[in-house]
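One-letter residues, chain by chain:
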Amino acid sequence: MSSFLLVTDLDNTLVGDDQAMLQLNQQLSQHRQQYGSKIVYSTGRSPVRYQQLATAKSLLEPDILIAAVGTEIYAKGSDLPDPNWAAILSQGWDREQIIAMTAHLADLTPQADTEQRPFKVSYFLSPTAAVEVIPRLETLLAEQGLEVQLIYSGSLDLDILPSRANKGMAMAFVRQDLGIDPTQTVACGDSGNDIALFANRPERGIIVGNAMSELLEWHHTNPNSERYLAKAHCAGGILEGLNHFGFL
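An account of the accompanying structure is given in this report. (Residues numbered from 1 in each chain as written. Predicted model: local features only at pLDDT ≥ 70, side-chain atom pairs only at ≥ 80, totals over all residues. Heavy atoms only, no water.)

### Concerning the environment of Asn200
Quick note on the threshold: By definition, any uninterrupted DSSP run of H or I lasting at least four residues is a helix, any uninterrupted run of E lasting at least two residues is a strand, and each is numbered from the N terminus. Note on exposure labels: buried denotes an accessible area under 20% of the residue type's maximum, exposed denotes more than 50%, and partly exposed covers the range between, all computed with a 1.4 Å probe on protein chains only.
Tracing the sequence through the fold places Asn200 in the loop between α7 (195–198) and β10 (204–207). Since its relative accessible area comes to 84%, Asn200 is described here as exposed. Separated by 168 residues in the primary sequence, Asn200 and Arg32 have C-alpha atoms spaced 28 Å apart.

The following block contains the structure:
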């Protein structure tokens, strides 16, 4: 056994099966204590909503929290986001201009104020409207020279982020900062905003058995021997994948 870096989404990935999560957390806690493994949560939730979930589900305290779809990184015990990551994301980012441009699109419904973050503008968007709205919005933003990316997940959530920000890029920043090799890193997810954890990345990946169709379709279209599709759901799928790769 040796140390590894676990980067996992929360809702419907780590969280969703309380009994399986209890079993996984016991093994992760022991492995972290014995071998120095690192646990990183990567969530679309804001820090406020993350704390609500952490309290409700008694989550293990992570070594690092990646919040707001990869736009904020918090070291253990810190309430302040990593300034170096923020400096990277601020390049070419104009939040107010994005809000002004999206204001006239009636199909976009702003999410709660807690989910509107310095480097994230978030809306609700129906899957029917998304077919037309997303390409149109991408064109409008590109015409203004804005360096952004659109991430649509769960057939509901549309996040507009800096071009340098997503879960995969945040994971790479953390992994490199910790000095951990890609072969000793594994990412876990279930939905569209987790594709960035797996697409064109050298780290290993676990897709839980209850993954959404948007991620499963992408997975089957983009096969990779370093990515494992679990049969078990949620934390049970993570445990299955960690055993598959020999981390546990």
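### Topic: the pairing of strand β7 (residues 148–153)
Each regular strand displays side chains that alternate between the two surfaces of the sheet. We count it as follows: Note on pairing: DSSP must find at least two bridges between two strands before they are called paired.
When you tally the buried positions in β7, you get five out of six residues, the bulk of the element. Pairing geometry for β7 and strand β8 (residues 157–162), over six bridges, is antiparallel. By the bridge assignment for β8, Val148 is matched with Pro162. Hairpin connection from β7 to β8: three residues lie between these consecutive antiparallel strands, with Gly154 at a positive phi of about 65°.

### Some details on the packing of aromatic side chains
Operational definition: Pairing of aromatic side chains here covers Phe, Tyr and the six-membered ring of Trp, requires ring centres within 6.5 Å, and sorts the geometry by plane angle: under 30 degrees stacked, over 60 edge-to-face, intermediate tilted.
Here the structure, examined in full by the defined rule, presents five aromatic pairs. With a centroid separation of 5.0 Å and an interplanar angle of 45°, the aromatic rings of Trp85 and Phe173 are classed as tilted. Note that Trp85 is positioned in helix α3 (residues 83–89) and Phe173 in helix α6 (residues 167–178), a separation of 88 residues in sequence. Their ring planes at 50° and their centres at 6.4 Å tell us that Trp93 and Phe119 sit as a pair that is tilted. Here Phe119 lies in the loop between β5 (109–110) and β6 (121–124) and Trp93 lies in the loop between α3 and α4 (95–102), a separation of 26 residues in the sequence. Of the residues examined, Phe119 reaches a relative accessible area of 14% and is grouped as buried. What links up through ring pairs into an aromatic cluster is the set Phe4, Phe245 and Phe247.

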